[in-house]
Each structure stands twice: as structure tokens, then as C-alpha cells.
Amino acid sequence: MAPEIVAVAELARRIPDGASIAIPPDYSGCAMAVVRELLRRPARGLHLVGVPSGGFQADMLIGAGCVAVMEAAAVTLGEHGPPGRFVAAIREGAIVMRDATCPAIHAGLQAAEKGIPFMPLRGIIGSDLLKHRPDWQVIDNPMAGDGAADPIVILPAIRPDIALFHARAADRDGNVWIGVRRELMLMAHAARRTLVSVERIEDRNFLADDAMAAGTIPALYVEAIAQAPNGAWPVGLAGAYPPDEDALAAYAGASRSPEGFAEWLAGALAEEVR
Amino acid sequence: MAPEIVAVAELARRIPDGASIAIPPDYSGCAMAVVRELLRRPARGLHLVGVPSGGFQADMLIGAGCVAVMEAAAVTLGEHGPPGRFVAAIREGAIVMRDATCPAIHAGLQAAEKGIPFMPLRGIIGSDLLKHRPDWQVIDNPMAGDGAADPIVILPAIRPDIALFHARAADRDGNVWIGVRRELMLMAHAARRTLVSVERIEDRNFLADDAMAAGTIPALYVEAIAQAPNGAWPVGLAGAYPPDEDALAAYAGASRSPEGFAEWLAGALAEEVR
Amino acid sequence: MSVQLSEIIIGAIADMLDGLSHVAVGASSPMPGSAALLAQARSGGRMRVSVLGSEEHNFFTDGGRELFDCAAQGRIDAFFLSGGQIDGQGNINLVGIGEYPRTKVRFPGSFGSAYLAFLIPKIILFREEHTPRTLVEQVDFISAPGTSPPGVYRPGGPHALVTGRAVFDFLREERRFRLRSVHPGQSVPEVIAMTGFSFEIPDTVATTPAPQADTLALLRGPVAKAVAGTYPAFAERVWGVRAG
Amino acid sequence: MSVQLSEIIIGAIADMLDGLSHVAVGASSPMPGSAALLAQARSGGRMRVSVLGSEEHNFFTDGGRELFDCAAQGRIDAFFLSGGQIDGQGNINLVGIGEYPRTKVRFPGSFGSAYLAFLIPKIILFREEHTPRTLVEQVDFISAPGTSPPGVYRPGGPHALVTGRAVFDFLREERRFRLRSVHPGQSVPEVIAMTGFSFEIPDTVATTPAPQADTLALLRGPVAKAVAGTYPAFAERVWGVRAG
């Protein structure tokens, strides 16, 4: 069954409150138009998994009270300074933060991709991250030679309910081209359901084209696609359009106070309706 | 440091006797011209790792006495019937066969790619493969809930000395385009050294091209490249030229007796010199 | 044109696939492949069929591991396995006959069987040759076991065995086969004689039915054409059809 | 044009990188990035520099995980880490100040530090702000520990700490820093006063040297241009150079 082509609002409707959602960092293809629909609803109780970090979309969703749990190696607005709503939510204890390290997020998703319950990973031992992640364990490497102890961390599989991202193009069969952004493919493999917004839908089949196929997520993994031109605005989409630095700076400034955020949110939702 | 561009014979010289070598199956890009140089030497004591199976090149190398250990999920000449030299070597105990299953080979390489000592994998328990692979273990899943026993296989990392394959093209900076043949990328990541023959070297940079980059192994992983037009003959190269079924049938027939193989080998090496 | 045995077998397999979302087939399995393409045609596009090694019906872009990862994710509903030997407990042997490792007869190897037989819900065992040589009491080497003890993670396993003579259901609880039907021209005693393992025999054993007229039309029309794209020699032999 | 402090710092870092095969840098690290590009220019093309997030100097094609896998494979020789706090045992804190999780001050998070600090042989800690606020006796949260007990797999770890005032070597055995040099205009007592942790002070402490004339020419010429491609604001501020 080919993925359904739906409206942006419908893509957002398919994300139930309480869902765990894998989202990419700002540079990798963020479904910002869909996120605005989640802000409008507003969604509640989401468990965001930053792959491996959260950016503007995470801060916005946190600000609008959509997020119960944030799992990521970092939450950052990059050059634009502290993510105000995230920082406030941490200070107020309004969200549960599950701090991780980038490769642990990737490894957990890879475990889900392979259908294995856990993945071993080097490093991490002695980091306070481990103290605060009761779901991470240290075991003795069963394959260590000559009985020497070799402690190693094992991480549980991360199987998000939903992978949500924005890509340059889908084809008529629902295959999605992501180029070198393989973390999006990992997300699609690991998640139960994958919802994608795209700049455009092309009337061809990417898998029939040698060069395109290499950077394509097969339709098999994709539940629904919405066409959303400029759908990654304001964070930008590599190879298509740059970040809108003015809009990002405006958001970052607004995020530093509840009032500023409320005003930004009202404006953002009003704009979308136009 | 960019990969060196060398002759086919030099690529073969860089493979020392006794090396473990990851090789692709017949349909994925086999460096047959390099293999003929190994037959000519002849190489000795090689440990071949079929990713995940061995085909014509494996049978040829076994026939010429180059192989000490064959690790693979299968050795097959496909439609062309039994691999004569492999079957004879098994019967005579001339090689050590380390039987595996396809996903175990991939998982072992992924463990090497991630620098972890082992990878868990579902399935396999109760297969006789496990009896004959003392390097594979069954442990209790440390993350099983409510103390329920959950046995799971763990496989040691497979880190080959060398990954050897043939691809459509390299660029002037030594990046190698493999398209959807991602197992070649996994081999290059997992192996200590990667040696590649290619149909052609293009005067551009694949990483600068969005579509090409997605299917490209960065030069970082590649030690040396040899230009070898038609270098996958006779097994063929997807997207470039088909298998030479006559030559394959002739080999398969010859492989079924020592005399037949010796005659085939003499002919193959003589041809190469022309 | 009278109904051919191949068509009956293809129809029997296709009936097992109706309603599934994703069926995967090995490249060198023309009858299972034809059955999958037939079931797909009957599904009105709702079924996805992946033919490994085919250019046209291969949707994978993450290398050799993707089929296996995809199976572990629960995204493949049915797959086909064969065996140099298949025994009465549903164990299959793809390695060799005689004492391992220096087997007298060596088969290619276990491929993905030791994994896929655990993870794909509906494993259909297919072996055209139905003799005491292929269907044995006990395999010499277990590539993939038919069943697993409780506690072993195993969402999948054998569902049926289809041969050139008959169709068996696999009973996971009882760890044995039950004869479902014999193909036209075969008798139950003949099947018993040609089977090296014992199996359950119900009071009445049907004859494997010929496909319905509409299915047959579909099979000989668009499906045969699709089959020719992936299995040209087979399509030409059975239907005289060449890839268009 | 007189030598700028930035150039001295860049030169000091570049000296630590000479002879390496592959140096990786985060996208938001203009001084370490400039140092890596300078060392690359001096290497005559033998050094590879990966700048994460850069289009031009990013050689990865396997998604977000590749940097980490590549490090674990032993293919990255040096990397830079910073910290909201860095303590005298080489621990870094990228998470926050105050009691976790409801820290008074929250930094973005640990990113890859808890991993890369273990696996990359030469970790250079870089923090321009050198005050008792950033260089502390003990970090409030250990994102990555400076050292590990014997038996913990750890081919990598901190090698040096470079700040806006000084260069320290990290002594892994002693688990502490040793002052190597102070930048022009800084004194040892001043550095002691501005450092929240105790450290080893050798009998003579050099002044961090200005780059040699040929290095400086390289830095202000082709390297500045390359820097401008990845760190435009920085290149313009330090050298008035715009990306070509």
C-alpha cells in the first residue's frame, strides 16, 4: 500500500497526544509546518526524541505545553543563544529531561532498526548521564578475553511511535528522497510510523534512478506524506533554502519570556491561517 | 591524504598472505581483475568473509589454494550449480568453513563499524550453526522485564583486515560511488583497510553533488584505487554490464574437477597477460 | 489450455498470502515469486512484494542488511524458505548431508534462514522435489529449527510446506505437519510413501484445487508478464510468455 | 599588522595537530576550526579536516552516527570539546549549574562529549573565557570525565586545555593540568587567580609564542580564506576577510 498523500493538518492529526516522536536537528529537515499545527491544537504529553538534539521545534513545542518528556543529547538554538522555553521548563520542572549523548541516541535507534532489545556502546562510563538514566546499564563484556573485566554500557532500543521530518521531495509512489541525511532513514526504520512533509511530489520513481535511489527512503516505511512548500521555514532545508535568520532571532528573543513566547505563538498561528 | 591511484597488480600486492578479506556477493561489485592477480601469485592463507555469501571469486580462490578460512552464510554460483572447488575443499577438509547466517555477518560488521566488541541478534538459537561457532554466545538479555529469561545471541565484531570490491566510479579525490550497494560502505567502515577497483575515475567530486553524495564512500576510508575497466567480468556489475553467463557456465563446469579447474586457471591467467 | 500443476501450486501458495501487507521472495524462487505476484494482483495494489535480487521489485536502499532489519521490525509478513532436507519437525537443512563440517554433500549454506524463520510470521516452506531424500525424518544439520522452546523470542516460524505432490500445514504446538491436500494425480498413500517423515493425516484429504477462472485469467495475463520480468526462463516454460 | 591574540591561540592549537591524519571540529568552534585548517595547510594535504555542519569540509555520508562510528574505528586523531564548566580533573560539564535535573543554569547538553572524550586520542579542551566561573574545582555535572579507572576501555582523553589566557597540558596519570604557557600580557599569578582549580606549575612557564612568520603568512592568506568559508563572522572580525 502506497503512503497516503494528505494535508499538513491531517499529518498533524495523525500524531496522537502522548506519542513519542523522533525529530531531526534544525539542519536535517524539520517539518515546521506540521509542528505549527501541533502548536495550534495544542498537542499534549508528547515525548520528543531529538536525533540527536532538539532545536527550534523542540523549544516551540515545549513552550506551548505540548511536551512531557524531552530525550536528547542537547537542546540548542545554535548561534541564536539559549532556548528560552526549554531552559524555563527545566528550571520549573515542567518537563522530564532525559539527557543523553549523541551516539547513544543513534545506537538506541539502531537497536530498534535491528529489532534487538539493546545495543552496547563504548564510552559514557563515569559520565553523570549514566547516574540519571536508570534505563542504561553497565555490564561486563561477555566477550572480553582472559577473564579481564571490561565494563561496557548497554542502551535499550529507542522505538519511537512516530518519525516526523521534512524532505526535499517524494515521488509518485511515496518514496522519499533524503540524500545524505541518513539519520532520517534511521528514524524511519526505527519508528513504528513515519509521517513526512515534502517540498514537492515528483512524477517519477526515485528507486528507478540509480543516483536518487541511494538517498531514498522506500515507501514501505512511510505512512503518509503532505506537500508543504517551504515547509522547513524558518529553520531552512539544506540544498533548498537557508535558515531565515531574522525569524529565528526573533523567535529566540521571544522564547526568553513567557509573554514574549505567547506573543510569538499568537503571531505564528495567525500567520499560518492567512 | 587522498587514496593512492595504483595498478590492479599493485592493489593485489597490498593484500598480504594470511589477510582476512571481506568480499561482496556476485551481484554487488566483485574486484575480479584483482582476484585474478591473487590467483596468479598465488596468495596463501586468506580468510575470506563473504558479505554475506561467497560466489565465483570465493570458489576460484579456494580452487587455487589461496584460502585457509571461508566465513560466509553460503557459497554459491547461483543458477550455475554447485561451486565445485568449494564443495571439494569441504569434502577434503582443505579449508576451515565458518558457516554463518546473512544477518550475523552484517551484524558482526556493524559491530566493527561501531567499535563495539559484540552485537546482539535475534533468531539463531536452536540452529546447529551455533554449535559450530564457539565465538557466538547466548546470554540472558540483561534488559528483559520482570526477571523473565530471554536468551539472545551475541556475535563478535568482524573486523576484516581488508575490504576488497569493484565499483562503477571513483572521483578525482578518491571518493567511491556505490549507489544503493550499502553493504560495500559497511565493509569499508568495518575493515582496517579498503582497496577498490573501479570502472573509471571521474574528474569531479561526488560529495559536491547532492544526488551522488548519498551513494558515496568518502575517500577517508579508502587506501588505494585501481582503474579496471570491465573489472567485474565475468560476474558483471549492476548498472554497467551484465554477467557473462557463458564464461560463468564454463567456470562452473570446470570447477567440478581438479583437472577442469587447473585448465580453466591456466587459461584465465594467460588471457589476463594478453 | 488445461490447468498445469505449476499453476495449481502457485494458486495454493497465493491463497496463503491473501490479505498480507508485505511478502518477500528470494530471487531464485519462481513458483513462490509467481504466487506472490498473483496475490499482489488480487490485492488491488494493497500488497507489497519484494523480490530479492530483482531490479524491478526490490525496494531496499540500505544494503544487504535491510531485508533482515525489516523482518525484525515486523514489516514482512511472509517469506519462503527451502531446504536440501526438511524434516517432520519443520527443521530445514541448507548446509549438507553427512557429518559436519566434512559433509558428503555440501549445499550452499544457511543464508538468512536461521534468522528469518524466527522473525517472519508466515514462513512457507517450498520444495518441489517431494521424495524421502528431501523430506526426511531428521535433518543432518539444522539451519533453522522448526520450533523453539518457550522463552525464546520467536514471533515467526513455518506455516506450511508446499511440494510438487502436496500441501501440509505446520502445527507449531504439535511440532509436526498435517496433510492438507494432495495435488491432482497424487494419492495419500503415494504421498505417505514418498515422505520420509510421519505426519498427521486428517480423515478426509482434499485435492489441491485448481485456481478459479478469474484467478487463472489474472495469472496467465498480467501476472505471467510480471513473472517474466523477474523469472524469464520460468515464465517462458510455463506460459510461453516473454518479458515485455 | 601586529599579531593578534586569536592568532597566537590558533597557532598554539595548530602546533598540537601537526602530523595527525584526521582532525574533526564542531561547526561552532572558529578558533579550533582555524587551527585545524592551518595545520592542514602546513601538512601539504596530508591532513584531513572534517568540520561538522560545514558543507565544504564535511566528508560524511552515513548520517549523524558516522562521526561517532568513525571515532570508534580509530579514524579520528583529534577533536575539540568545551564546557560550561571544566574542572581540575579534566571533567567537563555541558549540562548545567546547580542540582540536576532542575539546574539553575541550563546549558544545551552533553552532545557527543560523553563518547568522543573516550575514543579520540587527542581531545583538546578549548574555552576562551578563563575565569573561576568556567574553570572550577569540581563540575556540577560530569558530561565527560577527564580520566577513567583502569579496565575501562579508553583509547582517548583530554590532551590539553587552551583558554584566552593560557595553555595547559593534561597529565592523565596525575589526573590534573600543568601550566604550559601564558599568553602575552598574562602573568602566572594572574592565571592562578583566574583559575578555579589548582594545577601544576613548572619552574619556568613560557609565554605562548606568536606564530612564525611563514605560519602567519599562511594563516592570514589561504587559511583565512578557507576559514571565511566556514566561519564567516569570525574571519571578517579577525582578518577582515570575506569568503571568496
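Report on the accompanying structure.

Check the secondary structure of chain A and you find 10 helices and 15 strands. The C-alpha radius of gyration computed for chain A amounts to 19 Å, which stays within 12% of the reference 19 Å derived for 274 residues, consistent with globular compactness. With respect to the three principal axes, the spread of C-alpha positions in chain A is 70 × 50 × 30 Å. Of all 274 residues assigned to chain A, the portion counted as buried reaches 66%. Of the contacts formed within chain A by residues at least 6 apart in sequence, a portion of 74% connects residues at least 24 apart.

All right, on to the sheet that holds strand E9 (residues 135–136) of chain D then. Residues and elements named next belong to chain D. Taking strand neighbours across the sheet as the criterion, the three strands line up as E5-E4-E9 in an open arrangement whose pairing is mixed. On the outer flanks of this sheet lie strand E5 (92–93) and E9, each paired with one strand and no other. With two bridges joining them, strand E4 (residues 85–87) and E5 adopt antiparallel strand pairing. Its bridge partner being in E5, Ile86 is matched across the sheet by Ile92.

This part takes up the packing of aromatic side chains. Centre-to-centre distance and the angle between the planes together describe a pair of aromatic rings. Inspection of every chain in the model, using the stated rule, returns 26 aromatic pairs over all chains. With a centroid separation of 5.4 Å and 25° between ring planes, the pair formed by Phe177 of chain D and Phe197 of chain D is classed as stacked. Residue Phe177 of chain D is found in strand E12 (residues 176–182), and its partner Phe197 of chain D is found in the loop between helix H5 (188–194) and strand E13 (206–207); the two are separated by 20 residues along the sequence. The pair formed by Phe177 of chain D and Phe197 of chain D is uniform in burial state, with each residue classed as buried. Cluster of aromatic residues (ring-pair linked, three or more members): Phe168, Phe170, Phe177, Phe197 and Phe199 of chain C. In this structure, Arg154 of chain D is placed above the aromatic ring of Phe118 of chain D, and the distance from its NZ or CZ to the ring centre is 4.3 Å.

This part is about the interface of chain C and chain A. Taken together, the contact between chain C and chain A spans 16 residues of the former and 20 residues of the latter. Interface area for chain C against chain A, summed over the two sides, is near 1500 Å², with a carbon-plus-sulfur share of 43%. The three residues of chain C that bury the most area against chain A are Arg48, Thr61 and Arg75 of chain C, which together make up 39% of that side's buried surface. At the surface where chain C touches chain A, the tally comes to two salt bridges. The shortest N-O distance in the salt bridge between Asp62 of chain C and Arg182 of chain A comes to 2.8 Å. Residue contributions to the side of chain C that touches chain A peak at four residues, all from helix H3 (residues 66–72) of chain C. Among the residues forming the side of chain C that touches chain A, the class breakdown is five nonpolar, four polar and seven charged.

Two side chains with opposite charge may pair up if their charged atoms get near one another. Considering all chains together, one arrives at 66 salt bridges over all chains under this definition. Between Glu7 of chain D and Arg220 of chain D there is a salt bridge, with its nearest N and O atoms 2.8 Å apart. Here Glu7 of chain D, found in helix H1 (residues 5–17), pairs with Arg220 of chain D, found in helix H6 (residues 213–230); they are 213 residues apart in sequence, far enough to count as distant. In this structure, Arg42 of chain D engages Asp18 of chain D in a salt bridge whose closest nitrogen and oxygen atoms are separated by 3.0 Å. In this pair, Arg42 of chain D sits in helix H2 (residues 30–42) while Asp18 of chain D sits in the loop between H1 and strand E1 (22–25), placing the two residues 24 residues apart along the sequence. Note on Arg42 of chain D: relative accessible area 28%, which makes it partly exposed. Residues joined by salt bridges that share partners form a network here, namely Glu4, Glu10, Arg13, Arg14, Arg193 and Glu223 of chain A.

Let us now look at the pairing of strand E3 (residues 78–81) of chain C. A regular strand places its side chains so that they alternate between the two faces of the sheet. Residue and element names in this part refer to chain C. Covered by surrounding structure in E3 are Ala78 and Phe80 together with Phe79 and Leu81, the residues of both alternating faces. Here E3 runs beside strand E8 (residues 122–127); their pairing, made up of four bridges, is parallel. When the sheet's bridge partners are listed, Ala78 is paired in E8 with Lys122.

The next point concerns the environment of Ser53 of chain B. Its place among the elements puts Ser53 of chain B in strand E4 (residues 53–54). Here the alpha-carbon distance between Ser53 of chain B and Val196 of chain B, two residues 143 residues apart in the chain, equals 19 Å. With near-sequence residues (within four places) excluded, Ser53 of chain B lies in contact with Ile23, Pro24, Pro25, Ala72 and Ala74 of chain B together with Phe111 of chain C.

Time to look at H1 of chain D. Residue and element names in this part refer to chain D. For H1, with 13 residues, the first-to-last C-alpha span of 19 Å sits near the 18 Å given by 1.5 Å per residue. Burial of H1 is extensive: 11 of the 13 residues sit out of reach of the surface. For H1, every residue scored as buried is listed here: Ser6, Glu7, Ile8, Ile9, Ile10, Gly11, Ala12, Ile13, Ala14, Met16 and Leu17. The positive-phi residue at the C-terminal boundary of H1 is Gly19, with phi of around 90°.

The partner chain C presents 34 residues to the 38 residues of chain B that form the contact. Of the roughly 2800 Å² buried at the junction of chain B and chain C (both faces included), carbon and sulfur atoms supply 61%. Seen at the junction of chain B and chain C, the total is one salt bridge. Our enumeration of links across chain B and chain C arrives at 15 residue pairs in polar contact (both at pLDDT 80 or more).

Residues and elements named next belong to chain B. Covered by surrounding structure in strand E8 (residues 118–121) are Phe118 and Pro120 together with Met119 and Leu121, the residues of both alternating faces. Inspection of the sheet shows E8 paired to strand E10 (residues 151–156) by four bridges, in the antiparallel sense. Counterpart to Pro120 in the pairing with E10 is Ile154.

A few words on the environment of Ala43 of chain A. Residue and element names in this part refer to chain A. For Ala43, the location among the structural elements is in the loop between helix H2 (32–40) and strand E3 (46–50). Assessed through its relative accessible area of 0%, Ala43 is described here as buried. Here the alpha-carbon distance between Ala43 and Ala268, two residues 225 residues apart in the chain, equals 16 Å. The residues contacting Ala43, other than those within four sequence positions of it, are Asp17, Leu38, Gly65 and Cys66.

All names here are of chain B. Along the chain, Asp171 falls in strand E11 (residues 162–171). In this structure Asp171 is buried but unpaired, with Arg172 as the nearest side chain of opposite charge at 6.8 Å. Reaching out from Asp171, the side chain makes a polar contact with the backbone nitrogen of Asp173 at a distance of 2.8 Å. A polar atom in the side chain of Asp171 sits 2.7 Å from the backbone nitrogen of Phe206. Residues contacting Asp171, with those up to four places away along its chain left out, are Ile201, Glu202, Arg204, Asn205, Phe206 and Leu207.

Attention now moves to the packing of helix H5 (residues 102–114) of chain B against helix H7 (residues 182–190) of chain B. Residues and elements named next belong to chain B. In the contact formed by H5 and H7, the axes pass within 8 Å of each other and the chain directions differ by 45°. Put simply, H5 runs oblique to H7. Handedness of the crossing formed by H5 with H7: left-handed. Mapping the contact onto sequence places His106, Leu109, Gln110, Ala112 and Glu113 in H5 and Leu186, Met187, His189 and Ala190 in H7.

A word on the sheet that holds strand E8 (residues 118–121) of chain A. Residues and elements named next belong to chain A. Strand order in the open sheet made by the three strands is E8-E10-E9, with antiparallel pairing throughout. What marks the edges here is a single partner per strand, and that holds for E8 and strand E9 (137–140). Sheet twist, expressed as the mean angle between neighbouring strand axes with direction ignored, is 40°. Packed onto the sheet, helix H5 (residues 102–114) meets E8 and strand E10 (151–156) and runs at close to 145° relative to E8.

Quick notes on the rules
- Residues numbered from 1 in each chain as written.
- Chains lettered and ligands numbered in written order.
- Predicted model: local features only at pLDDT ≥ 70, side-chain atom pairs only at ≥ 80, totals over all residues.
- Heavy atoms only, no water.
- Helix = DSSP H or I, 4+ residues; strand = E, 2+ residues; numbered from the N terminus.
- Rg over C-alpha atoms; globule rule 2.2 N^0.38 Å.
- Buried < 20%, exposed > 50% of the residue type's maximum accessible area, 1.4 Å probe, protein only.
- Contact = heavy atoms within 4.5 Å.
- Pairing = 2+ DSSP bridges.
- Phe/Tyr/Trp six-rings, centres within 6.5 Å; stacked < 30°, edge-to-face > 60°.
- Lys NZ or Arg CZ within 6 Å of the ring centre and 35° of its normal.
- Buried area = accessible area lost by both parts, 1.4 Å probe.
- Salt bridge = Lys/Arg side-chain N within 4 Å of Asp/Glu carboxyl O.
- Nonpolar A, V, L, I, M, F, W, Y, C, P; charged D, E, K, R; others polar.
- Expected span 1.5 Å × (residues − 1).
- Polar contact = N/O pair within 3.5 Å; in protein donor to acceptor, adjacent residues only side chain to side chain.
- Lys, Arg positive; Asp, Glu negative; His and termini not counted.
- Axes fitted to C-alpha atoms, helices over the stretch in contact; angles between N-to-C directions.
- Parallel < 35°, antiparallel > 145°, perpendicular 65-115°, else oblique.
- Left-handed = near helix turned anticlockwise from the far one by under 90°.

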